[in-house]
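Fold and geometry: a report
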Amino acid sequence: MERLLPSGVHLLNEGYVGSRVASTVGLVIDGDSVIVIDPGMVSSKSRIIDPLAGSGFTPEQVTDVVLSHHHPDHTMNAGLFPNAWVHDHWARYRDDGWDSRPADGHEVSPSVRLMATPGHTPEDISTVVTVGSAVAVFTHLWWHEDGPPEDPLAVDPPSLHRHRSGILEIASVIIPGHGPPFRPTASTPR
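Residues numbered from 1 in each chain as written. Predicted model: local features only at pLDDT ≥ 70, side-chain atom pairs only at ≥ 80, totals over all residues. Heavy atoms only, no water.

**Points about the overall build of the protein**
Just so we agree on the cut-off: Starting at the N terminus, helices and strands are each numbered in turn, a helix being any DSSP run of H or I of at least four residues and a strand any DSSP run of E of at least two. Buried residues are those whose accessible area, probed at 1.4 Å on protein chains only, stays under 20% of the maximum for their type, while exposed residues exceed 50% and partly exposed ones sit between those limits. Contact between two residues is taken to exist if any of their heavy atoms lie within 4.5 Å; hydrogens are not considered. The protein chains shown are the only cover counted for residues, whose accessible areas, like all others here, come from Shrake-Rupley with a 1.4 Å probe.
In terms of helices and strands, the protein carries three helices and 14 strands. With the principal axes as the frame, the protein shows a C-alpha extent of 40 × 40 × 35 Å. With 190 residues in all, the protein has 51% of them scored as buried. Considering only intrachain contacts with a sequence separation of at least 6, the fraction spanning at least 24 residues in the protein is 50%. When the accessible surface of the protein is split by element, carbon and sulfur atoms take 53% of a total near 8,500 Å².

Encoded structure:
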């Protein structure tokens, strides 16, 4: 799994969905930026904290948290990172600060930008990480490698499929909302 991911891109927790649910929680280290993506529901907070420590960081050192959308399974543990800016589809927040801005095109760090990709929810954003020629995309446009082809919870299926096509044009690896990273192929649900 890790060999699929470009340098500086890691998984803290590989998500799943079924009788229980956990989000895929990502970590991107880009210079001085330590970015956690979708610190949502997990079986234990240690599923986030321990691998973060294994990468050499404490929760206090995390500079940014990105929320792909506002469902609890992707937001539940955002408060673990007391010094981080929290980014969503329309603003970034820290303490009592609220900086309004559209997510689309926002640069979290030199190699990390946000992209508006509504479909699953109207507020969906994807996190695009560019390392050399590799482009890793954290996104909820897919739950896992097999899709599902039709997201049963999508509020806007045509938009979801349109944004999937856009991500497939740029991604060398996709990190879906509830599963392991995968390389897109011709059979990847569009």
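**Some points on helix 3 (residues 157-170)**
Put simply, the rule reads: One less than the residue count of a helix, multiplied by 1.5 Å, gives the span that helix is expected to have.
For helix 3, with 14 residues, the first-to-last C-alpha span of 21 Å sits near the 20 Å given by 1.5 Å per residue. Among the residues of helix 3, those classed as buried are S159, L160, H161, R164, I167 and L168. Against strand 11 (112-116), strand 12 (125-131), strand 13 (134-139) and strand 14 (173-176) lie the buried residues of helix 3.

**Considering the side chain of S68**
Put simply, the rule reads: Polar contacts here mean pairs of N or O atoms no more than 3.5 Å apart (in protein, one a potential hydrogen donor and the other a potential acceptor; neighbouring residues in sequence count only if both atoms are side-chain atoms).
The topology assignment puts S68 in the loop between strand 6 (64-66) and helix 2 (72-75). Residue classification places S68 among the buried positions, given a relative accessible area of 4%. A distance of 2.8 Å separates a polar atom in the side chain of S68 from a polar atom in the side chain of H69. Leaving out residues up to four positions away in the same chain, S68 has contacts with D38, H74, E123, D124, I125 and H140.

**As for the pattern of salt bridges**
Note the following rule: Salt bridge, as applied in this entry: a Lys or Arg side-chain nitrogen positioned within 4 Å of an Asp or Glu carboxyl oxygen.
Under the counting rule described, the total for this entry stands at one salt bridge. Residues R92 and D99 are paired through a salt bridge, measuring 3.3 Å at the closest nitrogen-oxygen approach.

**A word on the environment of E145**
Residue position: E145 is located in the loop between strand 13 and helix 3. For the pair E145 and P189, spaced 44 residues apart in sequence, the C-alpha to C-alpha distance is 8.3 Å. If we skip the residues at most four places from it in the chain, E145 touches P176, F182 and P189.

**Remarks on the sheet that holds strand 4 (residues 25-30)**
Let me state the cut-off plainly: A pair of strands is treated as paired once DSSP finds two or more bridges between them. Axes, fitted as lines to C-alpha atoms, cover a helix only where it is in contact. Angles between the N-to-C directions of the axes lie from 0 to 180 degrees.
Spatially, 1-4-5-6-7-8-9 is the arrangement adopted by the seven strands of the open sheet, whose pairing is mixed. The open sheet terminates on both sides in strands that have one partner only, identified here as strand 1 (9-13) and strand 9 (97-100). Within the sheet, the average angular offset between the axes of one strand and its neighbour, ignoring direction, is 20°. In this structure, strand 7 (residues 85-87) lies alongside strand 8 (residues 91-94), joined through two bridges in antiparallel fashion. Looking at the pairing, H87 lines up with R92 of strand 8. Relative to the sheet, helix 1 (residues 46-54) contacts strand 1 and strand 4, its axis offset from that of strand 1 by approximately 145°.

**Here we look at the environment of S111**
Within the secondary structure, S111 is located in the loop between strand 10 (107-109) and strand 11. Along the sequence, S111 and V86 sit 25 residues apart, while their C-alpha atoms lie 17 Å from each other. For S111, the residues in contact, after removing those within four places along its chain, are D30, V128, V129 and T130.

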